[in-house]
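Tertiary structure, described
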Amino acid sequence: ADFAGHCETVAQIKAEAEGLHDRCGQVCEMYELLDLLDVKVPAADSVRLDDLKETRAAFDEKVAEAEQEIASKMAGFASSLDKSIATLDEDLMSVLASLHSGDFVNPDADPRLVLE
């Protein structure tokens, strides 16, 4: 349940990140335009812009790490699930084999004994 919640959280963050990236891009484009027009930008704003870019890169890196972690764990879960399915298939075949033999297919068998 924790892993499923983690997957959901990462997916939600990734979906919300698109809007954040758009807004970040708009801010960066605005500062690039100001630079092209030779408009002086206060040093504090330049520092904030650098911080924004660094934070965006760090955020993208962490999201990528979370996605890689999910992918690596998902492979293990899929393998475990495949093994469980194989075991269930074997159990089902065993039950089917027993149902197709002995008193289960003998029309003269006592129904009460078959159902016990």
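Residues numbered from 1 in each chain as written. Predicted model: local features only at pLDDT ≥ 70, side-chain atom pairs only at ≥ 80, totals over all residues. Heavy atoms only, no water.

With that settled, the discussion passes to a nonpolar patch on the surface. On the surface, Leu-92, Met-93, Val-95, Leu-96, Leu-99, Phe-104 and Val-105 cluster together into a nonpolar patch covering about 630 Å² of accessible area. Positionally, Leu-99 belongs in helix α2 (residues 43–99). Classification of Leu-99 as partly exposed rests on a relative accessible area of 39%. (Patch = residues over 30% accessible without salt bridge, like charges linked within 9 Å, V, L, I, M, F, W, Y side chains within 5 Å. Areas by Shrake-Rupley, 256 points an atom, 1.4 Å probe, with all protein chains shown as cover. Salt bridge = Lys/Arg side-chain N within 4 Å of Asp/Glu carboxyl O. Helix = DSSP H or I, 4+ residues; strand = E, 2+ residues; numbered from the N terminus. Buried < 20%, exposed > 50% of the residue type's maximum accessible area, 1.4 Å probe, protein only.)

This part takes up the packing of helix α1 (residues 2–36) against α2. Taken N-terminus to C-terminus, the directions of α1 and α2 make an angle of 155°; their axes are 10 Å apart at the nearest point. When the axis of α1 is compared with that of α2, the two are roughly antiparallel. For the element pair α1 and α2, the recorded crossing hand is left-handed. Among the residues making up the contact of α1 with α2, the classes are represented as 17 nonpolar, 3 polar and 8 charged. (Axes fitted to C-alpha atoms, helices over the stretch in contact; angles between N-to-C directions. Parallel < 35°, antiparallel > 145°, perpendicular 65-115°, else oblique. Left-handed = near helix turned anticlockwise from the far one by under 90°. Nonpolar A, V, L, I, M, F, W, Y, C, P; charged D, E, K, R; others polar.)

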